[in-house]
Amino acid sequence: MRKIIMPCGLHCIKVNHLGVTLGGQEILKDINLHIHCGSLNVVIGRNGAGKSTLIRAILGDIAHTGNIEFKDRENGHIQKLKIGYVPQSMNVEKQTPVSVYDMIASYQSNVPVFLMRGKKVRREIEEHLEIFEAGHLIDKQVCNLSGGELQRVLLSMALMNSPNLLLLDEPVSGIDKNGMELFYRTIYNLKKNYDLAVILISHDLEYVKQYADKVVLLDRSVLRQGSAREVFKSAEFAQVFESRKEEA
Amino acid sequence: MNFFSWLQYDFMKYAFLAILIITPLFGLMGTMIVNRKMAFFSDALGHSALTGIAVGVVLGVNNTSISMVVFAIVFALLLNLISGKVSSSTDTVISVFSSCSIALGLAILSQGGNFSKYSSILVGDILSITPREIWYLFVILLAALAFWLFGFNKLLAVSLNRTLAGSLHISAVWLENLFAVLTALIVMVSIKWIGILIINALLILPAAAAKNISENMREYHFFSILFSVFSGVLGLVISYYTNVATGPTIVILASFIYFATYWWGSRYNV
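**Topic: the overall build of chain B**
Phase 1: In terms of regular secondary structure, chain B is built from 11 helices and 0 strands.
Phase 2: If you list the helices and strands of chain B from N to C, you get α-α-α-α-α-α-α-α-α-α-α.
Phase 3: Here chain B has a C-alpha radius of gyration of 19 Å; the compact-globule value for 270 residues is 18 Å, and the two agree.
Phase 4: Along the three orthogonal principal directions, the C-alpha set of chain B runs to about 60 × 50 × 30 Å.

The following block contains the structure:
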């Protein structure tokens, strides 16, 4: 098992004036976020508010203005930020001959997966899968995993690089209520026991209220951020989510 | 009658050697082409051979094989670039380019009623291969193996999720281009022996058959190469005794294997 590091609360990640323009259209404008390690930050907003774009911009997958700094407050110098990313889904259709080992090893190792299975790599993958009680899935085909199983596999993979920041993109779609509860509890334990900050895109306001340390209401820019209670009571929140109810 | 009597002729020996090099190569490359859903792409590549020859004829190049290879590489890179940029679905874009290029090639080559001179490339003839050309194939096989050892994990990672790969600093734009170039090279070098009409079948069928019954990448590659070599060698022998063109015989065998694995896979491998 991996060593459990208690969060120090001393370092933070700052997103300064981040903006994204795609094809002449401004998708995100002047985003400022301050994220502490060991905190769960949830981004909410209507469809098309730019939530996934924000995640991809922080990942460096799309060009953006502004900057992201990672500060270690204890000794002041800036280290390289390591990001773990859990995508919405993987590109596997039925009958794709890719096992969980193949998938993780293709990202994490240079041992060619078509030729052989590296013993060391396999052990390492298994250890990380065990964190989420998914060790038995290592030889299963990725396309045969349930939504919840795939999520746990992807989470363990994201942890393999010991990230400082974990980004999760709408991971709760296609999972039943029990699975959701389990997922939020897992995330909660993660941020408590590992030295990392979490940014999560979520649609499920009920769980957000219960688990989030900080909520960011997004609609092209940050409309409101703060504790779940503050944001949920705000006029901006009512505007975004009440108007959505009317549409429906 | 000696079972290996067909090997007494030099042309059969060379054809046998060529099959032993081409089929594993195709089995290997096919796995990635099938997984990335690039079957249409490699098909279009095969068709571009005619245009490559036509371009060579127009430019007055003596050795049209060179213009063919160069054109295919340019064509492959262009297809890669365009399918990444255009928002309409990739198969439509590829189809447009493929039809345009084959029409251009046919128009130029048929000018003056001379097309019969080039029609042999449609079916191909493995029995006419020379030792020098076998060496070329061998070098390409080594290159493909090296590429696979070095680049396969990254290519797989990107095909599974590009953004996730990017977050781990796996950038594959040049690897994908290299893969396209390698595919172009392999298709062009072997097209004279296999033929435009069926070369894609040889690339796709063994991998598609292997996919039906494999659960991981090692099984997938093992079966793909096994099916490819098996149908290649058996196809050559059968075509010798039945006096049928070798390429089609191989493809018919590979199709049988595909249907058999499809049946087996849907029954036992759900």
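**What to know about the overall build of chain A**
Phase 1: Secondary structure assignment for chain A yields 8 helices and 9 strands.
Phase 2: Counting every position in chain A, which comprises 248 residues, the buried fraction comes to 39%.
Phase 3: Long-range pairs, those at least 24 residues apart, make up 67% of the contacts in chain A with a sequence separation of at least 6.

**Considering the environment of F230 of chain B**
Residues and elements named next belong to chain B.
Phase 1: Tracing the chain through its elements places F230 in helix α10 (residues 217–242).
Phase 2: For F230, a count of 17 C-beta atoms within 10 Å translates into the label partly exposed.
Phase 3: With 19 residues separating them along the chain, F230 and K211 place their C-alpha atoms 16 Å apart.

**A few points about the interface of chain A and chain B**
Many structure descriptions define interface size as the accessible area lost when the parts assemble.
Phase 1: Contact residues are listed per partner, giving 24 residues for chain A and 25 residues for chain B.
Phase 2: At the level of secondary structure, the elements contributing two or more residues to the side of chain A that touches chain B comprise α1 (51–59), β5 (83–86) and α2 (100–108) of chain A.
Phase 3: At 5 residues, the largest contribution of residues to the side of chain A that touches chain B is made by α2 of chain A.
Phase 4: Residues that form the side of chain A that touches chain B fall into these classes: 14 nonpolar, 7 polar and 3 charged.

**Digging into the packing of helix α1 (residues 10–35) of chain B against helix α9 (residues 199–213) of chain B**
Each packed pair of helices is defined by two parameters, the angle between the axes and the distance between the axes.
Residues and elements named next belong to chain B.
Phase 1: One can describe the packing of α1 onto α9 by two numbers: an axis separation of 7 Å at closest approach and a directional angle of 70°. In terms of orientation, α1 lies roughly perpendicular with respect to α9. Facing F26, G27, M29, G30, T31, I33 and V34 of α1, the residues of α9 in contact are L202, L203, I204, P206, A207, A208 and K211.
Phase 2: Among the residues making up the contact of α1 with α9, the classes are represented as 10 nonpolar, 3 polar and 1 charged.

**Examining the environment of I252 of chain B**
Residues and elements named next belong to chain B.
Phase 1: Mapped onto the secondary structure, I252 falls in helix α11 (residues 246–268).
Phase 2: What makes I252 partly exposed here is the crowd of 16 C-beta atoms within 10 Å.
Phase 3: Measuring from C-alpha to C-alpha, the distance between I252 and V70 comes to 31 Å, with 182 residues separating the pair along the chain.

**A few points about the confidence of the model for chain A**
Segments scoring low in pLDDT should not have their predicted coordinates read at a detailed level.
Phase 1: Here chain A averages 79 in pLDDT, and 88% of its residues register 70 or above.
Phase 2: Model confidence for chain A, summarised as mean pLDDT per element, is weakest for helix α8 (residues 235–247) of chain A at 68 and strongest for α2 of chain A at 89.

**Considerations on the sheet that holds strand β9 (residues 221–226) of chain A**
Residue and element names in this part refer to chain A.
Phase 1: With respect to topology, 6 strands assemble into an open sheet ordered β5-β6-β7-β3-β8-β9, the strand pairing being mixed. With partners counted over all chains shown, the strands left at the sheet margins are β5 and β9, one partner each. If you compare each strand with its neighbour and ignore which way they point, the axes differ by 20° on average.
Phase 2: Sheet topology note: the strand β3 (residues 40–44)/strand β7 (residues 197–201) ladder contains 4 bridges and is parallel. Residue pairing in the sheet places N41 in a bridge with I199 of β7.
Phase 3: Against the sheet, helix α5 (residues 177–193) makes contact with β3 and β7, and its axis sits at roughly 155° relative to β7, the strand it touches most.

**A look at the pairing of strand β8 (residues 214–219) of chain A**
Residue and element names in this part refer to chain A.
Phase 1: A large share of β8 lies buried, amounting to 5 of its 6 residues.
Phase 2: Bridge analysis of β3 against β8 gives 4 bridges, and the strand direction is parallel. Within β8, the residue paired with N41 across the bridge is K214.
Phase 3: Pairing of β8 with β9, which is carried by 5 bridges, proceeds in the antiparallel orientation. When the sheet's bridge partners are listed, L218 is paired in β9 with V222.
Phase 4: In this structure, the hairpin formed by β8 and β9 is closed by a connection of 1 residue, where R220 is found at a positive phi of approximately 70°.

**Things to note about the confidence of the model for chain B**
Residue and element names in this part refer to chain B.
Phase 1: Confidence in the prediction of chain B, expressed as mean pLDDT, is 84, and 96% of residues score 70 or more.
Phase 2: Confidence, read as mean pLDDT per element, is least for helix α5 (residues 120–123) in chain B (77) and greatest for α10 (91).
Phase 3: We note a pTM of 0.83 for the whole complex and an ipTM of 0.80 for its interfaces.

**A look at the pairing of β5 of chain A**
All names here are of chain A.
Phase 1: By the alternation rule, side chains of β5 split into I83 and Y85 and G84 and V86, which are all buried.
Phase 2: Across 4 bridges, β5 lies against strand β6 (residues 165–168) in parallel orientation. Bridged to I83 within β6 is L165.

**Re the nonpolar core**
Phase 1: L167 of chain A together with A72 and L202 of chain B are the most contacted members of the largest nonpolar core, which has 145 residues in total.
Phase 2: If you tally residues by element for this core, the top one is α1 of chain B, at 12 residues.
Phase 3: Leave out the neighbours within four places in its chain, and L167 of chain A touches I55, I58, L59, I83, Y85, V86 and I199 of chain A.

**Side note on helix α4 (residues 147–159) of chain A**
Residues and elements named next belong to chain A.
Phase 1: The end-to-end C-alpha separation of α4 is 19 Å, in line with the 18 Å expected for 13 residues at 1.5 Å each.
Phase 2: Taking burial as the measure, the 13 residues of α4 include 10 buried ones, the bulk of the element.
Phase 3: Residues of α4 that are buried: G148, L150, Q151, R152, V153, L154, L155, S156, M157 and A158.
Phase 4: Check the buried side of α4 and you find it contacts β5, α2, α3 (119–131), β6 and α5.

**Here we look at unusual backbone geometry**
Residues and elements named next belong to chain A.
Phase 1: For Q95, which is not glycine, the phi torsion reads 70° and is therefore positive.
Phase 2: Inspection of the secondary structure puts Q95 in the loop between β5 and α2.
Phase 3: Residue classification places Q95 among the partly exposed residues on the basis of 17 C-beta atoms within 10 Å.
Phase 4: A positive phi angle, near 50°, is found at E133, a position not held by glycine.
Phase 5: Assignment of secondary structure puts E133 in the loop between α3 and α4.
Phase 6: Judged by C-beta crowding, with 12 C-beta atoms within 10 Å, E133 ranks as exposed.

Each value, and the rule that gives it
- Residues numbered from 1 in each chain as written.
- Chains lettered and ligands numbered in written order.
- Predicted model: local features only at pLDDT ≥ 70, side-chain atom pairs only at ≥ 80, totals over all residues.
- Helix = DSSP H or I, 4+ residues; strand = E, 2+ residues; numbered from the N terminus.
- Rg over C-alpha atoms; globule rule 2.2 N^0.38 Å.
- Buried ≥ 20, exposed ≤ 12 C-beta atoms within 10 Å, placed from the backbone.
- Contact = placed C-beta atoms within 7 Å.
- Nonpolar A, V, L, I, M, F, W, Y, C, P; charged D, E, K, R; others polar.
- Axes fitted to C-alpha atoms, helices over the stretch in contact; angles between N-to-C directions.
- Parallel < 35°, antiparallel > 145°, perpendicular 65-115°, else oblique.
- pLDDT = per-residue confidence, 0-100.
- Pairing = 2+ DSSP bridges.
- Core = buried A, V, L, I, M, F, W, Y, C linked by C-beta atoms within 7 Å.
- Expected span 1.5 Å × (residues − 1).

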